[in-house]
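If you want the building blocks of each chain, they are given just below.
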Amino acid sequence: MNSYANTISFPLHTPGRTAKASPADVRRNNRSLVFGLLFPNGQLSRAELGRQTGLSRVAISGVANGMLEEGLICESGYDASASAKGKRGTLLSIDTTRLHIISVDLSQEHLVQGAVTDLLGTPQQRMEMALGPDNDINADMIVQLVDQLRTDIDSDAIIGIGIAVTGVVEDGVIRESTVLGWHDLDLQSMLERRFGFPVTVSNDVVCSMLAERFFGKGDKSMIFIKIDRGIGAATLIDDVTVIGQNHAGGEIGHISLDPEHGRPCPCGKRGCLETTVTSPVIRDRIRHAGTPEQQLDVIRASGEELASALAMPIGLMDINDVCVYGPPDIVNETFLEATQRRIDKVTSSQFHKHTTIRRCQVGSDIALRGSAIDVIRHYIEAK
Ligand SMILES: [Zn+2]
């Protein structure tokens, strides 16, 4: 659909949505194209948008005027380079002043974090709730947090609520979240009934990957790994998130690399990645290591384990960019070097360019920001 392979495009398609060519779809598609060229930091004139999208001047004008009125984009200066014909084009960019998103991150241990963000997912107001020792989160807490966040904002300026959650999410329903102890919880419908705004519920690793894509250094095709209480992954191929047939794409924690001799896992198998490459497991091993050198060996071994797990998908999908998010005491230079060395050793081939294992560029707001991007994406596609 989008043939402008060299531009950074906003992910156009929510996986699973089928393409029909009604006038409303054409309008949606044009909006997506224009928004995608401006998001996050683009500044283009209508003429340049027309060149890059292939849309007529009239079509661009219609789309741009609609988006200006809605508060999605704003006029932000003049195109100095286009003065040859005497008429300078007005530049358009994303408007960060009028519309807002309420974003909530349920993926962290010990706290629930919420924020009001602008259209770039930048938090403008924040709120946190500490969790009890059992880390229990219930729906009432989310409602309370959203209620507090929306107090000072005009309801018309809120385009939606985004929730980032650990686990398998299918169309707003949390099918399975082991960490939260939730099964088949329709959080989306519940919150939409309560607040009357569109609600997007998404896996926290997918959200984080989107934030890295747009605000970090993420490639349009990448594997994103998050190491914390567990280990999760997300994959982006040509700017489309890989969701999978069971909405469980990226759920790699209970894939075993050593089913015969690995450590027993609570899931019943042996040698799952969750028994080797998670923060609690690695920290426990470091505590039990004798010397500083042995502690580094623990980190290296974990990096090598991750590399062994990733070698096949890297080759299978021909991926150059692997981004790892995790606490700095674990995802450190030693870890990344060991992962990189092992990847180089097991994947080197004349067909592939060098695959780089690197640390995530976006900080601790990553899931909040990504969840906001997810809301924007749905908003642009829905109208
Ligand atoms: Zn397991």
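Residues numbered from 1 in each chain as written. Predicted model: local features only at pLDDT ≥ 70, side-chain atom pairs only at ≥ 80, totals over all residues. Heavy atoms only, no water.

Under the annotation held in an unreviewed UniProt entry, the protein carries the name NagC family transcriptional regulator and is attributed to Bifidobacterium leontopitheci.

> Hey, could you go over the coordination of the zinc ion for me, with residue numbers and the actual values?
Geometrically, a metal with four donors at the corners of a regular tetrahedron has ideal angles of 109.5 degrees, and one with six donors at the corners of a regular octahedron has ideal angles of 90 or 180 degrees. Taken together, the protein ligands of the zinc ion are His254 (ND1), Cys265 (SG), Cys267 (SG) and Cys272 (SG), with distances of 2.1 to 2.3 Å. Viewed at the metal, the four donor atoms of the zinc ion are separated by angles of 98 to 120°, and the geometry they form is tetrahedral. Between consecutive donors of the zinc ion, the numbers of intervening residues give the motif H-x10-C-x1-C-x4-C. Of this pair, His254 sits in the loop between strand E14 (240–241) and helix H7 (279–288) while Cys267 sits in the loop between E14 and H7; the two residues are 13 residues apart in sequence, bridging distant segments of the chain. You can call Cys267 partly exposed: its relative accessible area is 38%. (Donors = N, O, S within 2.8 Å, 3.2 Å for Na, K, Ca; no water. Tetrahedral: all angles 85-135°; square planar, octahedral: opposite > 155°, others 65-115°. Helix = DSSP H or I, 4+ residues; strand = E, 2+ residues; numbered from the N terminus. Buried < 20%, exposed > 50% of the residue type's maximum accessible area, 1.4 Å probe, protein only.)

> Which residues make up the sheet that holds strand E9 (residues 173–177), and what values go with them?
Ordered by their spatial adjacency, three strands build an open sheet running E8-E9-E10, and the pairing between neighbours is antiparallel. The strands lining the two open edges of the sheet, one partner per strand, are strand E8 (168–170) and strand E10 (182–185). Mean inter-strand twist for the sheet, computed between neighbouring axes without regard to direction, equals 20°. For E8 and E9, the ladder comprises three bridges, and the chain directions are antiparallel. By the bridge assignment for E9, Val169 is matched with Ile174. (Pairing = 2+ DSSP bridges. Axes fitted to C-alpha atoms, helices over the stretch in contact; angles between N-to-C directions.)

> Explain the pattern of salt bridges to me, and be specific about the residues and the numbers.
Applying the stated criterion across every chain yields a total of 20 salt bridges. Notably, a salt bridge pairs Glu304 with Arg342, separated by 3.3 Å at the nearest N-O pair. Here Glu304, found in helix H8 (residues 292–317), pairs with Arg342, found in helix H9 (residues 333–347); they are 38 residues apart in sequence, far enough to count as distant. Taking the relative accessible area as the measure of exposure, Glu304 reaches 26% and is therefore partly exposed. (Salt bridge = Lys/Arg side-chain N within 4 Å of Asp/Glu carboxyl O.)

> Outline the domain arrangement of the protein, supporting the account with residue identities and numerical values.
Looking at the assigned domains, one finds that the protein contains domain 1 (23–94), domain 2 (100–208 + 365–382) and domain 3 (217–359). Contact with domain 2, which involves 16 residues of that partner, is made by 13 residues of domain 3. Summed over both partners, the interface of domain 2 with domain 3 comes to about 1200 Å²; 58% of that surface belongs to carbon and sulfur atoms. Broken down residue by residue, the surface that domain 2 buries against domain 3 is led by Val168, Val205 and Val206, which jointly contribute 36%. With a closest N to O distance of 2.6 Å, Lys226 and Asp204 form a salt bridge. Inspection of the domain 2/domain 3 interface yields four residue pairs in polar contact (both at pLDDT 80 or more). Secondary structure elements with two or more residues in the side of domain 2 that touches domain 3: E8, helix H6 (204–215) and helix H10 (366–382). No other element matches the four residues that H6 contributes to the side of domain 2 that touches domain 3. Of the residues belonging to the side of domain 2 that touches domain 3, the class tally is six nonpolar, five polar and five charged. (Domains from an automatic or database assignment. Contact = heavy atoms within 4.5 Å. Buried area = accessible area lost by both parts, 1.4 Å probe. Polar contact = N/O pair within 3.5 Å; in protein donor to acceptor, adjacent residues only side chain to side chain. Nonpolar A, V, L, I, M, F, W, Y, C, P; charged D, E, K, R; others polar.)

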